[in-house]
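Secondary and tertiary structure notes
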Amino acid sequence: MKINENTLLEGQKVVLVPYNKNHVPRYHEWMKSPELQQLTASEPLTLEQEYLMQQSWRQDDDKCTFIILDKQRWADASVDEDQCMVGDVNIFLTDPTEPSLAELEIMIAEPSYRGKGIGKEVARMMMLYGVNKLGVKKFQVKIGLNNEISITMFKKLRFQEVSVCQVFKEVTLELAADESFTTRLRDDGCVVKESDYRQTRSSRQPLCSE
C-alpha cells in the first residue's frame, strides 16, 4: 500500500517499517518453515517470486504491510536492518461492501521473540494506525483452531468470537473500533510515534525510549 511506503511506527519494544527489497531474503528464509506456512496458510515461493510479491504488496490498495523490527537492535547503527527483523503485520481491506472492515494478521517469525508481548504490542500499534490512517471501524482476525496462543492473545485484546469454520479449521474474531477504542488502547499502554522512514533509516540514530 502506497500510504505507508515512507512510514515508520515506533513503539516500546518494536519498530514497524515498510516492507522493502532488502527485507525479502530474510522473509524468504522464514517462509521455508512448514510451521509458518501452516500458520499463515501460505505456499512456499522461490526467491524471485518473493521479490515480485513484495512489489505487489507495495502497490496493492487493499493491503498495508509493515515489517516488525527489534527496536533495541535497530537503534544500533552497526546492525544491518535485516538482522533486526522479527516478523510482519498486515491489514487487509478486502471487502468492497464494507470498506471500514479490516482483517488483521500478525506473524512473529523469530521463535526467540514469541511469548514476550511483542504480538500484543504490534496488534495495538497496527489497530491505532488502521483507525487513524485507513478509517477502519471494525477489525477481524482469522486464526487456526490449533493456534491457541494467538486466540488467547486476541481475546485479551477484547476481540469476540463470531464464528468457527470446521472446513478451514479456523475461528473468526472481531473487535469494533468505536469512539472509546483509541482511549482504551492508550490506557492499555499503546504508545506509537510516527516518523519518516527514509530520514530515520538514513541516520540510524538511537530512537527515543518510552
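Residues numbered from 1 in each chain as written. Predicted model: local features only at pLDDT ≥ 70, side-chain atom pairs only at ≥ 80, totals over all residues. Heavy atoms only, no water.

In the annotation of an unreviewed UniProt entry, the entry for the chain reads Alpha/beta-tubulin-N-acetyltransferase 9, and the organism field reads Takifugu flavidus. According to the UniProt record, the Function (unreviewed entry) comment for the chain reads "N-acetyltransferase that mediates the acetylation of the N-terminal residues of alpha- and beta-tubulin." Checking UniProt for the chain, the heading Catalytic activity (unreviewed entry) contains the comment "N-terminal L-methionyl-[tubulin] + acetyl-CoA = N-terminal N(alpha)-acetyl-L-methionyl-[tubulin] + CoA + H(+)". (UniProt positions renumbered as here; feature names shortened; annotations may be inferred.)

1. Quick notes on the state of the cysteines
Counting across every chain of the model gives zero disulfides. Cysteine Cys64 remains unbridged, with the sulfur of Cys190 as its closest cysteine sulfur at 15 Å. (Disulfide = S-S within 2.5 Å.)

2. Comments concerning the nonpolar core
In terms of nonpolar packing, the biggest core is built from 39 residues, with Leu16, Ile68, Leu104, Phe139, Phe154 and Phe159 touching the most fellow members. Element by element, the count of residues in this core is highest for helix 5 (residues 118–134), at nine residues. Once residues lying within four places of it in the same chain are set aside, the contact partners of Phe154 are Leu104, Ile106, Ala123, Val141, Ile143 and Phe159. Listed in part, the 19 residues of the second largest apolar core include Val24, Ile67, Trp74 and Tyr197. (Core = buried A, V, L, I, M, F, W, Y, C linked by side-chain atoms within 4.5 Å. Buried < 20%, exposed > 50% of the residue type's maximum accessible area, 1.4 Å probe, protein only. Helix = DSSP H or I, 4+ residues; strand = E, 2+ residues; numbered from the N terminus. Contact = heavy atoms within 4.5 Å.)

3. Some points on unusual backbone geometry
Even without being glycine, Ala41 reaches a positive phi, approximately 55 degrees. One non-glycine residue, Arg158, lies in the positive phi region at around 80 degrees. Checked against the element boundaries, Arg158 lands in the loop between helix 6 (148–156) and strand 7 (160–165). Here Arg158 falls in the partly exposed class, since its relative accessible area comes to 39%.

4. Brief notes about helix 5
Side chains of residues three or four places apart in an α-helix project in the same direction, reflecting 3.6 residues per turn. End to end, helix 5 covers 23 Å across 17 residues, agreeing with the expected 24 Å (1.5 Å per residue, within 8%). With 13 of 17 residues buried, helix 5 is to be regarded as a mostly interior element. In the stretch just after helix 5, Gly135 is the one whose phi turns positive, near 70 degrees. (Expected span 1.5 Å × (residues − 1).)

5. Comments concerning the UniProt feature "domain: N-acetyltransferase" (unreviewed entry) in the chain
Under the UniProt annotation, the feature "domain: N-acetyltransferase" (unreviewed entry) is placed at residues 14–160. Between the C-alpha atoms that bound residues 14–160 the distance is 26 Å, and the span itself is 39% helix and 25% strand.

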